[in-house]
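# Inside the fold
So the chains spell out like this:
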Amino acid sequence: MAKKKLILDFDPGLDDISASLMLFNNCDKVSVELLTVSGGNVDIKYSLNNALLLAEKFCPYQVEVAAGANSPLDGTERINAGDVHGETGIGSTLKIKKPKKKALTIAADEALFEKLNLSKQKLCILAIGPLTNVALLLRKHPEIRKKIGAIVCMGGAIDGEGNYTPYAEYNFLWDADAAKEVIESGVKFILCPIEIAHRTPITKRELSRFYTSDERGKLLKAMFENASDPNIRFGFAFHDSCAAAFVIKPSLFTCQKCNIEIVVNKKKKEHAQTFCHYNKKGKNYVIYPKNNGKLKKFILENTFKG
Ligand code: BDR
Ligand code: CA
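Bear in mind the structure is a predicted one, so any value in this text is a computation, not a measurement. Note that residues are indexed from 1 along each chain, following the sequence as it is written. Think of it this way: whatever chain is written first is A, whatever ligand is written first is 1, and the rest follow in order. Whole-chain, interface and lining totals are the exception, using all residues; otherwise, since this is a predicted model, local features are given only for residues with pLDDT of at least 70 and side-chain atom pairs are given and counted only at 80 or more. Hydrogen atoms and water are omitted, and side-chain values are computed over all heavy atoms in the structure.

## Topic: the coordination of the calcium ion (ligand 2)
Coordination of the calcium ion (ligand 2) by the protein involves Asp11 (OD), Asp16 (OD), Asp16 (OD), Ile128 (O) and Asp240 (OD), with metal-donor separations of 2.2 to 2.6 Å. The sequence pattern formed by the donor residues of the calcium ion (ligand 2) is D-x4-D-x111-I-x111-D. Separated by 224 residues along the polypeptide, Asp16 in helix H1 (residues 14–25) and Asp240 in helix H11 (residues 239–248) bring together distant segments of the chain. Partly exposed describes any residue whose relative accessible area lies between the buried limit of under 20% and the exposed limit of over 50%, with all areas from a 1.4 Å probe on protein chains only and scaled to the type maximum. A relative accessible area of 0% means that Asp16 is categorised as buried. Accessibility expressed as a relative area gives 2% for Asp240, which makes it buried. The donor set comprises N, O and S atoms within 2.8 Å of the metal, extended to 3.2 Å for Na, K and Ca; water molecules are omitted, so apparent gaps in a site may simply reflect that omission. A helix here means a DSSP run of H or I that spans at least four residues, while a strand means a run of E at least two residues long, and both kinds are numbered starting from the N terminus.

Printed below as a string of structure tokens:
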């Protein structure tokens, strides 16, 4: 079977790092053609550093990295998830290392444009951070939409509470304008909402068997041994890994047509609340796992193997 080609837009971040490891482990099925980075969970100086280290140390092939937005489209100050991901995005115990690899000299939106434009086939964008880089791409180069096969996005709380406010999920709250523009862009948009990972928590005990003595095992141990997610009682929610699992093995999920609506009004407590109106003629899609246990097993076996 031909490999799926995709661009990963992310803000690493504990679960972003886990999702990338899962994609790299599945290099026989998917090939990550470009990494584009934004601020999000942490400041971009850290998320970029983490992306470069991932590309250098864990990607089995060459992949370029480009840095993008560190604030939302409206230029307001970014929100921060350092309480969950640590100030540097790799937890609170590990010292950051300096990568040898350098980022591209062009910004993420231009790197996205070049990669898509030069590609002979349509590429999928797996977006597991704020949607600012993708929104900038579509604003500047609307014609590039025809080269995007689909945008698979981790974001939004549809069936349950948000994780940053009772209404809003973190990625969509970080830049609700960007989320709205991308959802309404006409590009096939497939949403992996937050409740999937909340219903598929992975416990510290389940993770601990992967704390091997090699570089990956040490990294995982440092990242997750003391990690806690205020929304999960006995474990950690691997949001971004759920979206990556869909890209690698879509048969784990159902995929329903719908229209996605996001509230954009900073004055309202419902800002960034997301609704999914199920409709066979809808322009968007939402996914849910067929079986949460099977999804969890897939994430564990595909992310944390040696
Ligand atoms: C999303 O926000 C970030 O904190 C995670 O990396 C994930 O992409 C979950 O709301
Ligand atoms: Ca993320």
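There is more to say, and it comes next.
## Observations concerning helix H10 (residues 215–224)
When you tally the buried positions in H10, you get seven out of ten residues, the bulk of the element. Contacts from the buried residues of H10 go to H1, helix H9 (204–208), strand E8 (235–236) and helix H12 (292–303). Contacts between residues were defined by any pair of non-hydrogen atoms, one from each residue, lying within 4.5 Å.

## Section: the side chain of Asp9
By the secondary structure assignment, Asp9 is in strand E1 (residues 4–10). Positive charges come from Lys and Arg, negative ones from Asp and Glu, while His and the chain ends are left out of the count. In what follows, salt bridge is the name for a side-chain nitrogen of Lys or Arg lying within 4 Å of a carboxyl oxygen of Asp or Glu. Here Asp9 is buried and forms no salt bridge, its nearest opposite-charge partner Lys140 lying at an N-O distance of 13 Å. Nitrogen and oxygen atoms within 3.5 Å of one another constitute a polar contact, given that in protein one can donate a hydrogen and the other can accept it, and given that sequence-neighbouring residues count only through two side-chain atoms. At 2.9 Å, the side chain of Asp9 forms a polar contact with the side chain of Asn133. Setting aside chain neighbours within four positions, we find Asp9 in contact with Thr36, Val37, Ile125, Leu126, Ala127, Ile128, Gly129, Pro130, Asn133 and Val134.

## Let's talk about the packing of aromatic side chains
Centres within 6.5 Å make a pair out of two Phe, Tyr or Trp rings, where for Trp the six-membered ring is used; the pair is then stacked when the planes are under 30 degrees apart, edge-to-face when over 60, and tilted otherwise. Tallying each qualifying case throughout the model produces six aromatic pairs. Seen from their ring centres, Phe24 and Tyr61 are 6.4 Å apart, and the 85 degrees between their planes marks the pair as edge-to-face. One end of the pair, Phe24, is in helix H1; the other, Tyr61, is in the loop between helix H2 (44–57) and strand E3 (64–67), and 37 residues separate them in sequence. Given a relative accessible area of 3%, Phe24 falls into the buried group. Summarising the aromatic geometry, the rings of Phe224 and Phe238 are spaced 5.0 Å apart at their centres and angled 45 degrees between planes, so their arrangement reads as tilted. Taken together, the residues Phe224 in helix H10 and Phe238 in the loop between E8 and H11 connect sequence positions 14 residues apart. Of the two residues, Phe224 and Phe238, neither departs from the other in class, the shared state being buried. Linked through ring pairs, Phe224, Phe236 and Phe238 together constitute an aromatic cluster. Charges are assigned to positions over rings by a cutoff of 6 Å between ring centre and Lys NZ or Arg CZ, combined with an angular limit of 35 degrees from the ring normal. A cation sits over an aromatic face here: Lys188 above Tyr285, 5.2 Å from the ring centre.

## Let's talk about the sheet that holds strand E4 (residues 123–127)
DSSP-based pairing: two strands are paired if at least 2 bridges between them are found. Spatially, nine strands are ordered E3-E2-E1-E4-E5-E6-E11-E9-E10 in an open sheet, and the strand pairing comes out mixed. With one partner strand each, in any of the chains shown, E3 and strand E10 (274–278) form the two edges of the open sheet. Across the sheet, the mean angle from the axis of one strand to that of its neighbour is 30 degrees, orientation sign disregarded. Relative to strand E2 (residues 30–37), E1 runs parallel, the two sharing seven bridges. Along E2, the bridge assignment pairs Lys4 with Val30. Running at roughly 165 degrees to E1, H1 makes contact with E1, E2 and E4 of the sheet. To obtain each axis, a line is fitted to C-alpha atoms, and for helices this fit is confined to the stretch in contact; angles are then taken between N-to-C directions over 0 to 180 degrees.

## Description of the pattern of salt bridges
On inspection of all chains with the given rule, the structure shows twelve salt bridges. Of the charged contacts, one joins Glu181 and Arg139 as a salt bridge, the two residues approaching to 2.7 Å between their closest N and O atoms. On the criterion of sequence distance, the pair formed by Glu181 in helix H7 (residues 176–183) and Arg139 in helix H5 (residues 132–140) is long-range, its members being 42 residues apart. Using a relative accessible area of 30% as the deciding quantity, one classes Glu181 as partly exposed. We note a salt bridge from Glu301 to Lys297, for which the minimum N-O separation is 3.3 Å. Pair noted here: Glu301 and Lys297 are both in helix H12, with a separation of four residues, about one helical turn. Among the residues examined, Glu301 registers a relative accessible area of 41% and is labelled partly exposed.

Interpretation in functional terms is not warranted from these geometric data alone.
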